[in-house]
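# Commentary on secondary and tertiary structure
Here is what each chain is made of, one letter per residue.
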Amino acid sequence: MKKTTTRLADGRELIYYDARDDVVREDADRRPLEPVSTASEIRPDRLLGDAVAIASHRQGRTYHPPADQCPLCPSRDGRLTEIPAADYDVVVFENRFPSLTGDNGRCEVVCFTSDHDVSFAGLDEEQAALVLEAWTDRTAELSQHPGVEQVFCFENRGAEIGVTLGHPHGQIYAYPFVTPRTSRMLTSLAGHRASTGGRNLFDDILADEVVDGRRIVWEGAHWLAFVPYAAHWPYEVHLYPKRRVPDLLALDEDAREEFPRVYLELLRRFDRIFGEGEPPTPYISAWHQAPLHARDRAEFALHLELFTIRRASGKLKFLAGSESGMNVFVNDVPPEAAAERLREVASK
């Protein structure tokens, strides 16, 4: 992998990740951009104990542009975009409309490929491996930023999820606090250790799923994918490295080598869940990494959570009264049935 760092016309950082070492990146951003002026505010909720990012500048962000005006495509044929080069493998750059800014964190965009018309599932294993390298490198870099407490790499796909740009891409948030979801995991982790004489909750969950077997979706030499026992979403898969590590940086070479194959297989199965002729399955794919300064950091288990809000053909799972009002999920699809379906649509 070759990494090349440059700046866009408004001062934002852009990084090329290339599979070949002989690629030269010298294209300058020729757009007449003013320096980015953004402001976000983190407001604590005293009642719930969490926080909300207030970012009014995001109201003006690009919204469902035509494919020939996509800002994430390469700059070609006289049309200038966020990526100055005429082609690229993987690109990461600072978001022009970030949710978190300055002392309140950082937001980056990750473009998985220059091809506007594919999705992550359409990449080959070499391309997917390069994205993994980019996620890992950005985790390392952002972990060094002052005030950052947690690095979150994720992808939203599909208009149903709320995606406003169709180009295959994801994002990285560097939070200035530990997120509520991770805080709850850490609380459960500590409670389990105290109640079991020192056992690790993540290790026990994986062991229990292997013994039960009904919710296993895919098992390789170094990764295990399963539908969780109490899945919140209609189709939800958790992917864990079998050797527990706290973050992407700690993955060994064997796990890195196997990851593209299993992850691409899971994404392709998601696209086959609802049968032929259905539109691509909307999903969220989220890496859970240990907070940087957590006391139990070594006990945390890196894992990826992949889920869709589609519950059946033409039907979505909406977060209605119970979910949105009280944070109590109701799942219409039994986890065992979801796992069986995901096994049925395995690649031949």
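Anyway, here's the lowdown on the structure attached to this text. Just so it is clear, the structure is predicted and the values come from calculations on it, not from any experiment.

### Side note on the side chain of Thr281
Secondary-structure assignment places Thr281 in the loop between α4 (253–272) and β12 (283–288). Setting aside its immediate chain neighbours within four residues, Thr281 contacts Arg157, Phe270, Asp271, Phe274, Thr308 and Arg310.

### Points about unusual backbone geometry
Negative phi characterises most residues that are not glycine, and trans characterises most peptide bonds. Residues other than glycine seldom take positive phi values, yet Asp77 does so here, at roughly 50°. Topologically, Asp77 is positioned in the loop between β4 (51–54) and β5 (90–94). Take Asp77: its relative accessible area is 84%, and that puts it in the exposed class. Notably, Asn327 is not glycine yet its phi reads approximately 60°, a positive angle.

### A look at the pairing of β4
Strand direction decides the pairing type here: strand β3 (residues 41–44) and β4, joined by four bridges, are antiparallel. Its bridge partner being in β4, Pro44 is matched across the sheet by Ala51.

### Remarks on the side chain of Asp10
Examined against the element boundaries, Asp10 turns out to sit in the loop between β1 (2–7) and β2 (13–18). For Asp10, a relative accessible area of 9% puts it in the buried group. Side chain to side chain, Asp10 and Arg12 meet in a polar contact 2.9 Å long. With residues near it in sequence (within four places) discarded, Asp10 still touches Leu33, Glu34, Pro35, Val36 and Arg96.

### Digging into the layout of surface pockets
Each pocket or cavity is described by its volume, and for the largest pocket that value is around 2,000 Å³. Along its surface, the largest pocket is lined by 47 residues, and Pro180, Arg181, Thr182, Met185 and His288 are the ones closest to its centre. Mapped by element, the contributors of at least two residues to the lining of the largest pocket are β7 (150–157), β8 (169–175), α2 (180–195), α3 (201–212), β11 (235–241), β12 and β13 (303–308). Looking at the lining of the largest pocket element by element, the count peaks at six residues for α2. A per-class count over the lining of the largest pocket returns 27 nonpolar, 12 polar and eight charged.

### Things to note about the pairing of β7
Within a regular strand, side chains alternate between the sheet's two faces. Among the eight residues of β7, seven are classified as buried, and the element is accordingly described as predominantly covered. Where β7 lies against β8, five bridges are found, and the strand directions are antiparallel. In the sheet register, Cys153 faces β8, and the bridge partner there is Ile172. Sheet topology places β7 next to β12; four bridges connect them, and they run antiparallel.

### Comments concerning helix α1 (residues 125–142)
Helix length check: α1 (18 residues) gives 26 Å between terminal C-alpha atoms against 26 Å at 1.5 Å per residue, within 8%. Residues of α1 that are buried: Ala128, Leu130, Val131, Leu132, Ala134, Trp135, Thr136, Asp137, Arg138, Thr139 and Leu142. Of the residues flanking the start of α1, the one acting as N-cap is Asp124, its side-chain oxygen 3.1 Å from the backbone nitrogen of Glu126.

### Description of the environment of Glu305
Position of Glu305 among the secondary structure elements: in strand β13. The spacing of Glu305 and Val227 is 78 residues in sequence and 9.6 Å in space, taken between C-alpha atoms. Contacts of Glu305, omitting those with residues within four sequence positions, involve Arg181, Met185, Glu236, Val237, His238, Ile284, Ser285, Ala286 and His288. For Glu305, the side chain forms a polar contact with the side chain of Arg181, separated by 2.8 Å.

### Describing the sheet that holds β2
Across the sheet, 11 strands lie side by side as β1-β2-β5-β6-β8-β7-β12-β13-β11-β10-β9; this open sheet has antiparallel pairing. Looking at which strands have only one partner, the edges of the open sheet turn out to be β1 and β9 (216–219). Adjacent strand axes in the sheet meet at a mean angle of 20° when their direction is disregarded. Contacts from α2 reach β7, β12 and β13 within the one sheet, and its direction differs from that of β13 by about 125°.

### Concerning the packing of α2 against α3
Two elements in contact, α2 and α3, have axes whose closest approach is 9 Å; the angle formed by their N-to-C orientations is 85°. Classified by the angle between their axes, α2 and α3 sit roughly perpendicular to one another. On α3, the residues touching Ser188, Leu189 and His192 of α2 are Leu201, Phe202 and Asp204. By residue class, the composition of the contact of α2 with α3 is three nonpolar, two polar and one charged.

Rules behind the numbers
Residues numbered from 1 in each chain as written. Predicted model: local features only at pLDDT ≥ 70, side-chain atom pairs only at ≥ 80, totals over all residues. Heavy atoms only, no water. Helix = DSSP H or I, 4+ residues; strand = E, 2+ residues; numbered from the N terminus. Contact = heavy atoms within 4.5 Å. Buried < 20%, exposed > 50% of the residue type's maximum accessible area, 1.4 Å probe, protein only. Pairing = 2+ DSSP bridges. Polar contact = N/O pair within 3.5 Å; in protein donor to acceptor, adjacent residues only side chain to side chain. 1 Å grid on protein atoms, 1.4 Å probe; cavity = no way out; pocket = protein on both sides within 12 Å on 5 of 7 lines; lining within 4 Å. Points joined across faces, edges and corners; volume = space filled by probe spheres on them. Nonpolar A, V, L, I, M, F, W, Y, C, P; charged D, E, K, R; others polar. Expected span 1.5 Å × (residues − 1). Axes fitted to C-alpha atoms, helices over the stretch in contact; angles between N-to-C directions. Parallel < 35°, antiparallel > 145°, perpendicular 65-115°, else oblique.

In short, geometric facts, not functional conclusions.
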